[in-house]
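What follows is the residue order along each chain.
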Amino acid sequence: MRNIISILLIGLIYLTSTSCEDMFGDYLDKAPGIDITADTIFSSKAESERFLVAVYEQALQSPWGYDTYRFGRGQQMNNIYNTIAGFVTKSDEAEMGSGWFISQGINNGTTTVTPFLDRLYSHRYTGLRYVHTMFERIDDVPDADQNYKENIKGEMIFLRAQIYFDFFRRYGGMPIVERTYSPVELAETFIPRSSVAEMVDFIVSDCNYAIERLPDSYPSQWKGRITKGAALALKAKTLLYAASPRFNTTTPILSMDDPANNDMLCYGNYDENRWQLAADAAKAVLDWAPSGGVWLIEDKGVDKNYRYAWEVHDNPEIIMADKKAYNPQSYTYWLFKTVGGGDGPMPTQSFVEYAYEKKDGTEQVWEVEATNLDQKYSELDWRFHQTIGYTGFYWNKQRGVLNMALGPAPAGPHGAANKTGYMIKKHISDAVNNSNPSEPKNWIWYRLNEFYLSYAEALNEAQGPVTAAYEAVNRIRSRSGMPGLPAGLTQEQFRERVRKERAVEMAFDGHRWWDILRWQIGREVLNGPFYGLKIYKNQPITTPLTFRYERYAFETRVWQDRFYYYPFSVNSSSGATNEMNKGHLVQNPGW
Amino acid sequence: MTQIIKSGFILLIFVLGISLSPSSWAQGIVETSSLPKDTVNLGYGSQPAWMVTGSVSQVKGEELKKNFTPDAGNTLYGRLLGLGVSQGNGEPGLQSPTLRIRGINTFGTGNDILVLVDGYELPIGQLVPEEIETITVLKDASATAIYGSKGANGVLLVTTKRGHSGPLKVEFSVQHGVNRATDLPKFLGSYDYARLYNEGQVNDGVLPGDVQYSQEAMDAYRTGNSPYLYPDVDWYSEVLRKIAPSSNYNLNFSGGTSAVKYFVMANMVDIGGLYKKTEDLSDFSIDSKYQRFNFRTNVDIQLSNRLTAHLTLGGTIDDKSNPAANNTSSIFNSLSMLPPNSFPVYNPNRTYGGSTLYSNPYGDLLETGMYTSNGRIFQGSFGLTEQLDMITKGLSMSANISFNNTFTSLSNKSRKYASFSLSPGEGSELIYTKIGEPTSLSGNEGQSDQWRSTTLRAYLNYARNFGVNAFDAAVLFNSSDQSFGVGGLPYVDQGVFGRFTFANNQKYIGEVSFGYNATDNFPKKSRWGLFPAVSLGWIASNEDFLSGSSVVNYLKVRGSYGLTGNDQIGGDRWMFRQNYVGQGSYQFGTTNTNFGTIGEGTIASGDVTWEKQTQFNIGMEATVYKNLELSFDIFQQERYDILATPARVVPSFIGVSLPELNVGKTNNKGFEAMVRYNSDQESDLRYFVQMNAWYSINKIIDNSEPFEVEDYLYRTGRPIGQRFLLESVGFFADQADIANSPRQIFAEVQPGDIKYKDQNNDGVIDQSDYYPSGRNGSFTGSLQAGFEYKGFDLEMMFQGIGNRDVYLEGSYFYAFQNNAKISEIAINRWTPSTASTADYPRLSAGNNQNNFLPSTFWLRNGNFIKLRSLELGYTLSGSLTERLGVKQARVFLNGTNLFSLDKMDFTDPETMSGHPPVRTISLGAKINL
């Protein structure tokens, strides 16, 4: 009996003196599984590189300013046709065939907040979180050396700056999120919109941080990672935008409801020195280029240099390309199945007239109608022939010669109606055809040609049309066989010429819309009638075919000044969240 | 699992026990005659009813026999105050109702109550009343706190029968009956179908000359003279039989000596499905049936004068079969859609009729394959109890290990077959067009699912009286794991629970109880939670001023307050861990080499925790004028820490899918009342009448929903599950009415279409005009009465739900939608001439995009009162039976689900699609030896 009691007492003491946890060891702990957690992912360099790849995938959002297209990330990857369309049809470069495209509501001035929304708004914050997560955890990776870590940090901070630049050029000053937050923290932390000055300083400072840490180039298997050149390019672009009329001004074009908030839209003063900073930064890109193995393509011939630079993967003119393989399948569908591209993006005659000079540097004359369309085309800038698909243009072996002529049916495979008479050739290499509709395509973020023109533009604003400015523009013109700009231009004349040069050189590359915004010339170039051509075969039929045209206004565009600053979403529909009512944001004017 | 078993055996060896027997501890108190003598099971022990300070209701297994149904859940309608029972469908073996205690308390996923059979988690449905001693509902915090994080939704305790000392008792019963569908929808025949279809077509813009059915066809439908080309088939009567058999056989033995007490039972359920018998007609069919065998052996063995062993073994084996690959819902769906004039069951050449649009439901029954399943449930526990009076009087300890598991295996084979559509040829010739090609059987021969639970438990009980003071305490340690399916990591729980009750002079009672438990689903720092409760009781009738009162025989007032938890929080397991998941790919290098990526998953919720609920309950119970029993409870429950996405407060700067955080709040309040009158037990006519009523209304306090454009679109402030509907304001009278009304964006409307109210007065009827509408059924009542007179007995149970709306949807109600048929509800449809009296919108033969939108037009009063059971019996006893060696014999006639009083003309108010509920009429006999 006494023994039993002793045993029981010992048992009781055992049970009560040790906690349940101890008694059962790790009974309540999760057994090891195959799942990956925050701790395993940063436990080695090899693991963390899988996350690094994810950072690139998430943070490098489309360079094409995907903001006006309907779909979110994912779809855009496969759809160059819509990517181009969503972008260039907002500017004067092209018109969209499909009426439901959001750009059509922008063209006619009727769009409201929800359609106008920036579809990548929350994706950019996703990218930022990836960037910050990598930045904050890279030091935990045990088997990576310090140089490697500094390199990664440079890449991350560059990507952050790039994301903020994409915010900046849409909204002006934005809330600056500098680290990862927990939801609880963020619910309790008020992060207001920054001023434009703070926004620019933040981006530039991030670029400087990245410039210090990034290499000039990578081994070929890592081509596509961020280089010092990319950071220099972003810095130059940011400073150019900051110096431009939209921001570098005393008052914004439309005032905020509370004018005290106008610093979110512009600097609040004009400072000529901002142009000098922009010029210096663009010059730094040009100066850096040789060390990064980057140069202007000038050795392929005046009729091929330009095309080589957008068509060939990893060509030396590229400073930074998104190596995500985009797939132009839908574009070829449009190109080869729905004949004539009536639903797709169509370059406008207005843009052709504005941008393309004749090869001799004089303006082409476009009568209301004429019978010598073939001749007029043939006289245009070499770059026209490397950019736009027009009637008489040889597309490729399968597609043959384009023919956008109207006429009695059957008009032949290329003969269906097209509102403007043009198609976009740029970005669609000859390798793409019906049986090979999916050539992967790297989107180019930064190409060296841009910085010649940026340098010229900024220098002209800071110092007038000095020799260096002329040299920079003429370098671009001459490699495509165009004569140099006439000497003795005034600052204003030079400004107009360099702006036009940007429109030509970087047509359909995703710059024009932003340039229109930063120069604040929407009312000048996106307002009023827009022209296309009605094209007919000359009668009697000639051999080879020749064409006549009638110039006609296919639409009248209506510009709204509120388009200069994008709106924030105000309701919870269409997958967007109601950002305005969360209190961090001040809505942009006019929305 | 081995760890838990090993630990279990260590504990068993270290047993310090106290008897589970409730009678032991209260001895020595002279019981006042007016106190209730019942014992109430409280989980991990029981108390005499007078001592209970929590809110509990209890029913005896005996009463549950009054409902003749194979699912024990369906015996509970109206019987337990505060337990809501919502009817499921009527398919044998699949008819478990939804059980809720005091309504629902969370908009999260977990409203299921905790069901414990003999203290361990196990489904209740497959038990039979004959093996149930009591079912107890624990409602307030005082009663449920010991269940810690599992108690907040309320607890249902099922206690199975055990043996008592005494001679062997043998009971044998047999019950045979028939099932019949309570309500089948009322569809119109071919003539009306064709006539109204034409009308719908004309309304949709078809020229009167171009309608589907010619005058000749209409005549053929009306006269029925061409049944193959112009059939008029009532598919319900082709596929279903009017009645299906249902039987139950039970045999049980109980008894005991001072050393061994036992209860042994075997039960057999045998039910035929409502489908016609087809097994003998085809090689590819099987009769629909459900059979179940229940067995139980509960044994208690006195091993020494201190040590008792308890063995509880129960289980079921069930076999279910169904034709047509077990697609019950699709069969009933096609019955409710297939127009009567589509095709005949059989063509003249005995092939199956068919069309490309619809398959032939009777052909499906015969030709599309068979489903069989076999399920097993095993309940086993082994325990030891040791009296420790030698340490201190009244102390005991027990240890238990329990193994509960379920297993189902099934075979499902299906095939396709050919049918033929008919069209008229030359003269009287018919052209047959083949649809589908026959295939051989294919599918799944063996598939299985299982659930396992292993629990280890150790109790320390102390119960002793010190003069007029009584003290009762129970402390318990619990550790369990559960596994679902074939693989997967088990769910692990551990905890310590305690309950301490003190009673003074049988007047003043105080109790403190707590649950302190942990789960593996939360991080180490927060996986333990404490759930305490306090309660007080005062037996006023034992005070001097009331004792001896002829009016108030018994009066107890009690109140409780406490905290309970709900661990069915929804979301992923291990939400506290930041997972990284494959995202996509990206390319690097001049060769565009593809790299896989790993990215951040939904952000970890580091502080994830249980839903918690504070519960406040005040109640009273009384007996007045000797025969009248009353009880009343009011409660208020505040649920918080409900998981919700903080969509409202967190800006998208966060850059990652928001986690669910414990931010949601709801409340729920209500009352429960009971009145019972018992006649004097001595007279020839003995009877009782009992009325139960309860009411609960809940409200969402915070669900962190995103901002909405109109205030009335918020769910916050409304009951959980609130419907949002367009408000119907009648039918459009004419074009002028349409022109003068707000534009309805959903479709072009025409006269006779439903007109909706513009809630926000913006001139457009759109998504923003959905308005909270409809009631959730917050009131439940029941009326039970029983009579006994000279061997005859009669008992009935009415149950009803009030403050309830139902929403009409689907082919029973939506005429011609999705090529379906038309039911009687549409007869009084809108036409220009009936515009003033119409109660159904104008007909459309195509899919109408306006009239069948969610609107108040389809909201109907769903209140009902159902006669859930009625039993008339006659008991033979005395010299007649004794001569036969029979102690007692009873014959009885039983009706279950006999009728429903409601405002629903076309269907059962609870089951409005799929397999109909069944009404059962049966005859039975029971013999006691």
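Residues numbered from 1 in each chain as written. Chains lettered and ligands numbered in written order. Predicted model: local features only at pLDDT ≥ 70, side-chain atom pairs only at ≥ 80, totals over all residues. Heavy atoms only, no water.

### Observations concerning the overall build of chain A
The condition that has to hold: Working definition: helices are DSSP H or I runs of at least four residues, strands are E runs of at least two. Numbering for both runs from the N terminus. Only protein chains enter the accessibility calculation, which uses a 1.4 Å probe; a residue whose area is less than 20% of its type maximum is buried, one above 50% is exposed, and one in between is partly exposed. Here, residues are in contact when the closest pair of their heavy atoms is within 4.5 Å. Where accessible areas are quoted, they stem from the Shrake-Rupley method and a 1.4 Å probe; at the residue level, only the protein chains shown are allowed to cover.
On a plain count of helices and strands, chain A comes out with 22 helices and twelve strands. Per-residue burial for chain A yields a buried fraction of 61% across its 591 residues. A fraction of 72% describes how many contacts in chain A between residues 6 or more apart in sequence connect residues 24 or more apart. On chain A, roughly 21,100 Å² of surface is accessible, and the fraction owed to carbon and sulfur atoms is 53%.

### As for a nonpolar patch on the surface
All names here are of chain B. Going by this rule: A residue counts toward a patch only above 30% relative accessible area and without a salt bridge, and it is joined to like-charged neighbours within 9 Å or, for Val, Leu, Ile, Met, Phe, Trp and Tyr, to nonpolar neighbours within 5 Å. We define a salt bridge as a side-chain nitrogen of Lys or Arg found within 4 Å of a carboxyl oxygen belonging to Asp or Glu.
Together, V178, I243, L685, F787, Y789, F792, L872, Y874, V891, L893, I921 and L923 make up an exposed nonpolar region whose accessible area comes to about 1,000 Å². Contributions of two or more residues to the nonpolar patch are made by β37 (776–789), β40 (864–877), β41 (888–902) and β42 (918–928). In this structure, L872 sits in strand β40. Look at L872 and you get partly exposed, because its relative accessible area is 44%.

### A few points about the sheet that holds strand β5 (residues 369–370) of chain A
Note the threshold: A pair of strands counts as paired when DSSP detects no fewer than two bridges linking them.
Overall, antiparallel pairing links the three strands, which are arranged β5-β12-β11 (chain A) in an open sheet. On the outer flanks of this sheet lie β5 and β11 (528–537) of chain A, each paired with one strand and no other.

### Structural notes on the interface of chain A and chain B
To keep things clear, this is the line we draw: Buried area is understood as the total, over both parts, of accessible area removed when two parts are fitted together, assessed with a 1.4 Å probe. Side-chain atoms alone can form a polar contact between residues adjacent in sequence; in general such a contact is a pair of N or O atoms within 3.5 Å, and within protein one must be able to donate a hydrogen while the other accepts it. We call Asp, Glu, Lys and Arg charged. Ala, Val, Leu, Ile, Met, Phe, Trp, Tyr, Cys and Pro are nonpolar, and the rest, Gly among them, are polar.
The interface is formed by 66 residues belonging to chain A together with 63 residues belonging to chain B. Buried surface at the junction of chain A and chain B, summed over both partners, amounts to about 5,700 Å²; 66% is from carbon and sulfur atoms. Across the chain A-chain B interface, the total number found is one salt bridge. A salt bridge links E600(B) to R129(A); the nearest nitrogen and oxygen atoms lie 2.8 Å apart. Counting across the interface, chain A meets chain B through eleven residue pairs in polar contact (both at pLDDT 80 or more). Of all the secondary structure elements, the ones that give two or more residues to the side of chain A that touches chain B are α1 (2–17), α2 (20–23), β1 (36–37), α3 (38–41), α4 (45–59), α8 (121–137), α10 (183–188) and β3 (318–326) of chain A. Looking at side-chain class alone, the side of chain A that touches chain B contains 34 nonpolar, 17 polar and 15 charged residues. As defined by bridge partners, β1(A) adjoins strand β25 (residues 579–588) of chain B across two bridges and the pair is classed as antiparallel.

### Concerning the sheet that holds strand β7 (residues 120–121) of chain B
Residue and element names in this part refer to chain B. Taken in spatial order, the five strands line up as β3-β8-β9-β6-β7 in an open sheet, and their pairing is mixed. Two strands in the sheet have a free side with no partner beyond their single neighbour: β3 (56–60) and β7. In terms of strand pairing, strand β6 (residues 114–117) meets strand β9 (residues 155–160) through four bridges, oriented parallel. Note that in β9 the partner of V115 across the bridge is L156.

### A look at the packing of helix α18 (residues 448–463) of chain A against helix α19 (residues 467–479) of chain A
All names here are of chain A. Condition: Fitted lines through C-alpha atoms give the axes, limited to the stretch in contact for helices. The angle between two N-to-C directions lies from 0 to 180 degrees. Here the word oblique covers every angle except those under 35 degrees (roughly parallel), over 145 (roughly antiparallel) and from 65 to 115 (roughly perpendicular). Handedness of each helix crossing follows the sense of rotation of the near helix against the far helix: counterclockwise by less than a right angle gives left-handed, clockwise gives right-handed.
The interhelical angle for the contact between α18 and α19, taken along N-to-C directions, is 150°, at an axis separation of 8 Å. Classified by the interaxial angle, the pair formed by α18 and α19 is roughly antiparallel. Crossing hand, α18 versus α19: left-handed. Within the contact between the two elements, α18 uses N449, Y452, L453, Y455, A456 and L459 and α19 uses A468, A469, A472, V473, R475, I476 and R479.

### Some details on helix α4 (residues 190–203) of chain B
Stated precisely, the cut-off is as follows: Multiply 1.5 Å by the residue count of a helix minus one, and that product is the helix's expected span.
In this model, α4(B) (14 residues) spans 20 Å end to end at C-alpha, consistent with the 20 Å of a helix rising 1.5 Å per residue. Next to the buried residues of α4(B) lie α5 (215–223) of chain B.

### Considering unusual backbone geometry
Along the chain, Q539(A) connects to P540(A) via a cis peptide bond; the corresponding omega equals -10°. When you line up the elements, P540(A) lands in the loop between β11 and β12 (547–557). The residue after T543(A), namely P544(A), is reached through a cis peptide bond having omega -10°. Within the secondary structure, P544(A) is located in the loop between β11 and β12. Within the chain, F508(A) stands out as a residue other than glycine whose phi angle is a positive 60°. Within the fold, F508(A) resides in the loop between α20 (491–505) and α21 (512–519). Given a relative accessible area of 0%, F508(A) falls into the buried group. Residues other than glycine seldom take positive phi values, yet N819(B) does so here, at roughly 60°.

### Some points on the nonpolar core
Residue and element names in this part refer to chain A. The condition is simple: Side-chain atoms within 4.5 Å are what join buried Ala, Val, Leu, Ile, Met, Phe, Trp, Tyr and Cys residues into a set we call a nonpolar core.
F158, Y164, Y356 and Y377 are the most contacted members of the largest nonpolar core, which totals 164 residues. Of the residues forming this core, the biggest block, twelve residues, is contributed by helix α9 (residues 146–171). Not counting the four nearest positions on each side in its chain, Y356 is found in contact with F351, L380, D381, R383, F384, T387, I388, V504 and A507.

### Examining the confidence of the model for chain B
Any region with low pLDDT has predicted coordinates that should not be read closely. Residue and element names in this part refer to chain B. Put simply, the rule reads: Think of pLDDT as the predictor's per-residue confidence, scored from 0 to 100.
On average, residues of chain B carry a pLDDT of 89, and 96% of them reach 70 or more. pLDDT under 50 marks residues 15–33. Its contacts with residues more than four places away, or in other chains, come to 57 contacts. Interface predicted TM-score (ipTM) for the complex: 0.86; the corresponding pTM is 0.80.

### Quick notes on the packing of aromatic side chains
By convention here, two paired aromatic rings are described through the distance between centres and the angle between planes. Note the cut-off: Two rings from Phe, Tyr or Trp (for Trp, the six-membered ring) form a pair when their centres sit within 6.5 Å of each other. Planes less than 30 degrees apart are called stacked, planes more than 60 degrees apart edge-to-face, and all others tilted. Counted as over-ring charges are cases with an Arg CZ or a Lys NZ within 6 Å of the ring centre that also lie within 35 degrees of the ring normal.
This structure, assessed with the given rule, holds 82 aromatic pairs over all chains. Centre to centre, the rings of F857(B) and W858(B) are 4.8 Å apart; their planes meet at 80°, and the pair counts as edge-to-face. Assessed through its relative accessible area of 0%, W858(B) is described here as buried. Ring pairs connect the aromatic residues F351(A), Y356(A), W366(A), Y377(A), F384(A), Y390(A), F393(A), W395(A), Y422(A), F508(A) and Y549(A), which therefore count as one cluster. The ring centre of Y148(A) lies 4.4 Å from the NZ or CZ of K45(A), which sits over that ring. One Lys or Arg, R179(A), reaches over the ring of Y181(A) and ends 4.0 Å from the middle of that ring.

### Considering the environment of Q690(B)
All names here are of chain B. Turning to its location among the elements, Q690 is positioned in strand β30 (residues 685–702). A relative accessible area of 12% means that Q690 is categorised as buried. The sequence separation of Q690 and Y462 amounts to 228 residues, and the corresponding C-alpha distance is 36 Å. Aside from chain neighbours lying at most four places away, what touches Q690 is M674, V675, R676, S782, L783 and Q784.

### Here we look at the pairing of strand β18 (residues 430–435) of chain B
Residue and element names in this part refer to chain B. Summarising the sheet, strand β17 (residues 419–424) and β18 pair through six bridges and their orientation is antiparallel. Looking across to β18, one finds that S421 is bridged to T433. Counted between consecutive antiparallel strands, the loop separating β17 from β18 contains five residues, among which G427 sits at a positive phi close to 55°.

### Quick look at the pairing of β37(B)
Residues and elements named next belong to chain B. Looking at chain direction, β30 and β37 are connected through eleven bridges and run antiparallel. Counted as the bridge partner of F688 is G786 from β37. The pairing of β37 with strand β38 (residues 792–807) spans twelve bridges and is antiparallel. Each residue of the ladder has a partner; that of A785, found in β38, is M796. Where β37 hands over to β38, the hairpin turn is made up of two residues, of which K790 adopts a positive phi near 45°.

### Examining the side chain of S321(B)
All names here are of chain B. Looking at the secondary structure, you find S321 in strand β14 (residues 307–323). A distance of 2.7 Å separates a polar side-chain atom of S321 from the backbone oxygen of D287. With sequence-adjacent residues up to four places away left out, S321 is seen in contact with I286, D287, S288, K289, Y371 and T372.

### Quick word on the packing of α18(A) against α20(A)
In a pair of packed helices, the angle between the axes and the distance between the axes together describe the arrangement. All names here are of chain A. Interhelical geometry of α18 versus α20 gives an angle of 165° and a closest axis separation of 10 Å. Between α18 and α20, the crossing angle belongs to the class labelled roughly antiparallel. The element α18 and its partner α20 pack so that their crossing is left-handed. Contact residues: N449, E450, L453, S454, A456, E457, N460 and E461 in α18; Q491, F494, R495, V498, E501, R502 and E505 in α20. Residue composition of the contact of α18 with α20, by class: four nonpolar, four polar and seven charged.

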